[in-house]
Structure formats: structure tokens, C-alpha cells
Amino acid sequence: MITIVLASALSMANVIVVTATEGYRHESIETAEEVVAEIGRDTGWFVPRFVRSEEELSTAMTPAALAETKLVMFVNTTGELEWPERARLLEWVAAGGAFFGVHSAADTWHQWPEYLDMLGAEFAGHPPESEVEVVVDDWFHPSTRHMTAPHRVVEEIYFFDRFSRDRVKMLLSLRVAPDDGRPGFFPLAWHRRHGRGLVLYTALGHRIDVWQSEWFRLHLQGAIEAALAQPSRRRRAVGR
């Protein structure tokens, strides 16, 4: 009953999915777009608007468009995307929007520290792909409640700069380094507040087979569910 009510409440939200790149372009992007579109269709929550080039950023995320948008996703974006009005995105999130970054969203806008602070970390490099044991840090979040732990997966694992565990609420992590097996804490997924808005991030999503897996689809779907449940700016404004 709860799921049915939630699905109805979230029906047909406006979601913008940015897959533009100004650097390395992941082979998994086409698969990623297919999976996100399937999540929207199968849940009935949204029909994504894909932004695949830098030129589309300005036209897709005008103030009027963002005012009608519930969630902006950066999926495997890279590099210094050219968008003169990019500060608008952070202002929108801080005012109550929701942002979900996937994998190399942390390898985007290295020259814009405000974006990286919003996201919660900056990509600093990665070792060769390896099999790792993923630890679930929050069993109750929609993006992780379906998982078992330790969850083994072959994936490209990121190291980060500008990360502070005190500034985020963890979802997934490693307890063993993917390069040399040393013990420690290595973040993979988290969420945080940015002003009145919600920011989610997962470092997973490099490989095509990861995108095609059911567990990762549920991970993404749960994060989107949490993002779309974020109270909208319009309802907040009306309530004043």
C-alpha cells in the first residue's frame, strides 16, 4: 500500500538527465540512458529529458525549466562542461531542488570548487578495475535497502579529494582499499543537504554490466525515489 501511494505521488515528475562530456566518455553512457529511461517508464514516476551536449545545457536548464523540474541527474559527465549560467544549478539545488550524481559526476568541473563542495567530493584517480566487497552503511535508505552485504562486484573504484565523512550521510563504502588491500574507509555512495536541497552521489556505474545488473538498477531507483520525495519548491512557496 505504501509503495502504491508513493508511486502515485511521484508520478510524472520532470527529470533532467545530463550525459554531456568534455573529457573521457564512458562506453556505458548509452546503456545508462536506457536504464534510467526504463526506471522512469516502469515506475511511472518520470520521463527523462536527456541533455547530451554542452550546447543543450543552457536551453534545457533555463530558470523556467528548472522551476518545473524535480531532479537533475549528472550521469557519467566529465570535464569542464561549458555552461556560462552553471551557477544557476547550485542556486536551484540550494533552494530545494534534488541532484543525483553518478560515477564520473565527481570527475566534472574540477575548476569549480562550489560544485565539488555541493557534491561532497572530487575524483582523484582510480586503480585498475577489481573485485571488491561493498559494505552497506545505511540499511534503511531506498537506494540500499535491497542490498546484501558484503556485496561483491567488479568495478572501477574511485579515490577522492575534498571528501569529509562529517559532511555526508554514508550509503555504501569499502573497508579494504581496491589497489593494495590495506584496511581503511573508502566512500562509494552518500547523500547530503545543500541548503534546502538534497544531493545524492554514487561512485559506481563505470561498467556496462554493472548498469545492466538488477541490484544497481534498484540502487539507482531508490536514489531517484528519495530525490523525487524531496518537497518541491512550488509546494514550499505556496505554503508560505
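Given the structure is predicted, the values throughout are model-derived calculations rather than measurements. (Residues numbered from 1 in each chain as written. Predicted model: local features only at pLDDT ≥ 70, side-chain atom pairs only at ≥ 80, totals over all residues. Heavy atoms only, no water.)

**Comments concerning the side chain of Asp138**
Along the chain, the position of Asp138 falls in the loop between strand 8 (130–136) and strand 9 (151–155). The buried charged residue Asp138 lacks any salt bridge partner; its closest oppositely charged side chain belongs to Lys169, at an N-O distance of 7.8 Å. Separated by 3.3 Å, the side chain of Asp138 and the backbone nitrogen of His141 make a polar contact. Contact partners of Asp138, with chain neighbours within four places excluded, come to Thr144, Met170, Leu171 and His191. (Helix = DSSP H or I, 4+ residues; strand = E, 2+ residues; numbered from the N terminus. Buried < 20%, exposed > 50% of the residue type's maximum accessible area, 1.4 Å probe, protein only. Lys, Arg positive; Asp, Glu negative; His and termini not counted. Salt bridge = Lys/Arg side-chain N within 4 Å of Asp/Glu carboxyl O. Polar contact = N/O pair within 3.5 Å; in protein donor to acceptor, adjacent residues only side chain to side chain. Contact = heavy atoms within 4.5 Å.)

**Details of the pairing of strand 8**
Regular strands place their side chains on alternate faces of the sheet. Side chains Ser130, Val132, Val134 and Val136 project from strand 8 onto a buried face, and the interleaved Glu131, Glu133 and Val135 project onto a face without burial. Judged from the five bridges that link them, strand 8 and strand 9 form a sheet pairing that is antiparallel. When the sheet's bridge partners are listed, Glu131 is paired in strand 9 with Val154. Taken together, the two bridges between strand 8 and strand 11 (residues 169–176) define a ladder with antiparallel strand orientation. Pairing of Val136 across the sheet is with Leu172, part of strand 11. (Pairing = 2+ DSSP bridges.)

**Some thoughts on the packing of aromatic side chains**
The final tally for this structure, using the stated rule, is 16 aromatic pairs. Taking the centre distance of 6.1 Å and the plane angle of 75° together, the rings of Tyr158 and Phe160 count as edge-to-face. One exposure class covers both Tyr158 and Phe160, and it is buried. Geometrically, the ring pair formed by Phe160 and Tyr201 is edge-to-face, given 6.0 Å between the ring centres and 85° between the ring planes. Of this pair, Phe160 sits in strand 10 (residues 159–161) while Tyr201 is found in strand 13 (residues 197–202), placing the two residues 41 residues apart along the sequence. Phe160 gets classed as buried once you look at its relative accessible area, which sits at 15%. Owing to a relative accessible area of 1%, Tyr201 belongs among the buried residues under this scheme. A connected cluster of aromatic rings, assembled from ring pairs, spans Phe123, Tyr158, Phe160, Phe163, Trp190 and Tyr201. (Phe/Tyr/Trp six-rings, centres within 6.5 Å; stacked < 30°, edge-to-face > 60°.)

**Some remarks on the sheet that holds strand 4 (residues 71–75)**
The strand order 3-1-4-6-13-12-11-8-9 describes an open sheet built from nine strands, whose pairing is mixed. The sheet is open, and its two borders are formed by strand 3 (46–51) and strand 9, each paired with just one other strand. For this sheet the average axis-to-axis angle between neighbouring strands, irrespective of direction, equals 25°. Helix 8 (residues 214–228) rests against strand 1 (13–18), strand 3, strand 4, strand 6 (98–102), strand 9, strand 11, strand 12 (183–194) and strand 13 of the sheet, and its axis sits at about 170° to strand 13. (Axes fitted to C-alpha atoms, helices over the stretch in contact; angles between N-to-C directions.)

**What about the pattern of salt bridges?**
Taken as a whole and judged by the stated rule, the model has 13 salt bridges. Two residues, Glu133 and Arg152, come together in a salt bridge whose shortest N-O distance is 2.4 Å. Taken together, the residues Glu133 in strand 8 and Arg152 in strand 9 connect sequence positions 19 residues apart.

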